[in-house]
Amino acid sequence: MGKVGNIMLKLKNVNRRNLYYGLYGFVAGLFFLWVLFPSDDFADYIETLAAGSANGMIVEVGKARPSLTFGIAMKDVVLKKGEGMNVTMDELYVRPGYFSLLGKNPSVSFRTQVFGGRIKGKIRWDKAAKGDIGVEKLTLTDIDLARMKEQVKDFLPRTGVAGILNADGGYSPEGRGNGLVNFSIKNLMIKPAEPLFTIEALNFSDVTASMEIKNRKMELDQCVIEGKEIDGTMKGSIALGRPFDRSVLRLAGTLKPEKALMDKLSQAMPVQAMMGSAMNESGEIPFTVSGPVGDPRYSLNSM
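Keep in mind the model is a prediction, meaning the values are calculated, not measured.

A.B. asks: How should I be thinking about the overall build of the protein in this particular structure?
C.D. replies: Helix and strand counts for the protein come out as five helices and 14 strands. Considering only contacts within the protein whose residues lie at least 6 apart along the sequence, 42% involve residues at least 24 apart. As displayed, the protein has an accessible area near 18,900 Å², and 58% of this comes from carbon and sulfur atoms.

A.B. asks: What's the story with the environment of Arg 246 in this structure? I'm lost.
C.D. replies: By secondary structure assignment, the location of Arg 246 is in the loop between strand 11 (230–239) and strand 12 (248–257). On the accessibility criterion, Arg 246 (59% relative accessible area) is exposed. Taking the C-alpha atoms as reference points, Arg 246 and Val 293, separated by 47 residues in sequence, lie 6.0 Å from one another.

A.B. asks: Is there a simple way to think about the nonpolar core in this case?
C.D. replies: Side chains that are nonpolar tend, in soluble globular proteins, to be buried together. The biggest cluster of nonpolar side chains holds 52 residues, and the ones touching the most others in it are Val 59, Met 74 and Leu 165. Considering every element that reaches this core, the biggest residue donor is strand 9 (residues 202–214), with five residues. Residues in contact with Leu 165, not counting those within four places in the same chain, are Leu 140, Thr 141, Asp 142, Ile 143, Leu 145, Phe 183, Ser 184 and Ile 185.

A.B. asks: Would you explain the pairing of strand 10 (residues 217–227) in this entry?
C.D. replies: Regular strands place side chains that alternate from one sheet face to the opposite one. Judged from the 10 bridges that link them, strand 9 and strand 10 form a sheet pairing that is antiparallel. Looking across to strand 10, one finds that Glu 212 is bridged to Glu 219. Adjacent in sequence and paired antiparallel, strand 9 and strand 10 are bridged by two residues, among which Asn 215 carries a positive phi angle near 55 degrees. Where strand 10 meets strand 11, seven bridges bridge the pair, whose relative direction is antiparallel. Looking across to strand 11, one finds that Met 218 is bridged to Ile 238.

Rules and cut-offs
Residues numbered from 1 in each chain as written. Predicted model: local features only at pLDDT ≥ 70, side-chain atom pairs only at ≥ 80, totals over all residues. Heavy atoms only, no water. Helix = DSSP H or I, 4+ residues; strand = E, 2+ residues; numbered from the N terminus. Contact = heavy atoms within 4.5 Å. Areas by Shrake-Rupley, 256 points an atom, 1.4 Å probe, with all protein chains shown as cover. Buried < 20%, exposed > 50% of the residue type's maximum accessible area, 1.4 Å probe, protein only. Core = buried A, V, L, I, M, F, W, Y, C linked by side-chain atoms within 4.5 Å. Pairing = 2+ DSSP bridges.

What follows is the structure, given as structure tokens:
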């Protein structure tokens with residue numbers, strides 16, 4: 001082998017060693033970044049961001065450690081807001097937008113398993129707007145409503161609820177707030193505190209709806225209800241108040257009871273005399289719901 005060949009071989013070996021050293025340095029750097037990452041400090045940072053938010057959210061973190069996905073795994077996380085929200089998560093994974101932490105809109109992506117299902121999305125704080133919180137790409141998968149008794153009591157006071165919720169959407173605090181939410185509930189069961197005449201609970205196989213949030217108002221574009229005893233549709237608006245039970249309802253829709261339900265109700269009251277005049281040719285009964293969430297008014301008259 002000539003001198004040129006020897007020189008080429010030496011250069012090749014040098015380049016290979018440099019590549020190995022470079023890979024070793026990169027892997028070692030990642031390892032020490034993972035080990036030395038100030039996880040507890042970041043958990044404190046999240047708690048401070050939440051405490052400074054305008055909506056009164058409180059976050060408490062038990063333990064925090066780095067994850068292999070350049071995020072943070074936090075254990076024993078508690079979310080609180082007033083008396084209506086107190087959620088405990090065994091584990092919550094977050095991945096911060098590291099560059100965003102230096103700006104006015106810090107953000108973190110998150111995922112967790114809670115209420116028998118999964119929730120993931122992205123949270124963004126707006127420091128320029130008193131710490132208001134926005135949520136992007138929010139997805140709820142197979143959430144068991146029966147496990148959310150404390151969380152739904154303000155929406156449906158004195159009423160038992162069960163079913164499996166799936167939803168997606170987002171919310172931005174810009175302006176007076178805006179967002180969009182789509183959801184569906186399978187096998188929904190609603191059980192009032194006292195039986196409705198002879199009915200102890202209503203069962204629905206599928207409920208789907210789409211809601212737009214704009215300027216402190218929720219617009220229910222369309223809600224379709226498919227049930228064992230009754231089908232229906234509903235739309236309207238909810239003017240949001242604080243606390244939520246002061247929100248004002250203005251909803252209208254139709255109910256189409258099955259014959260078996262009508263026969264059952266007839267055993268306790270003169271159904272035909274009460275509802276016959278309100279029922280149209282298709283067997284549908286128009287209704288309205290109005291007034292505050294905490295004390296709504298019902299009517300069998302359309303708006």
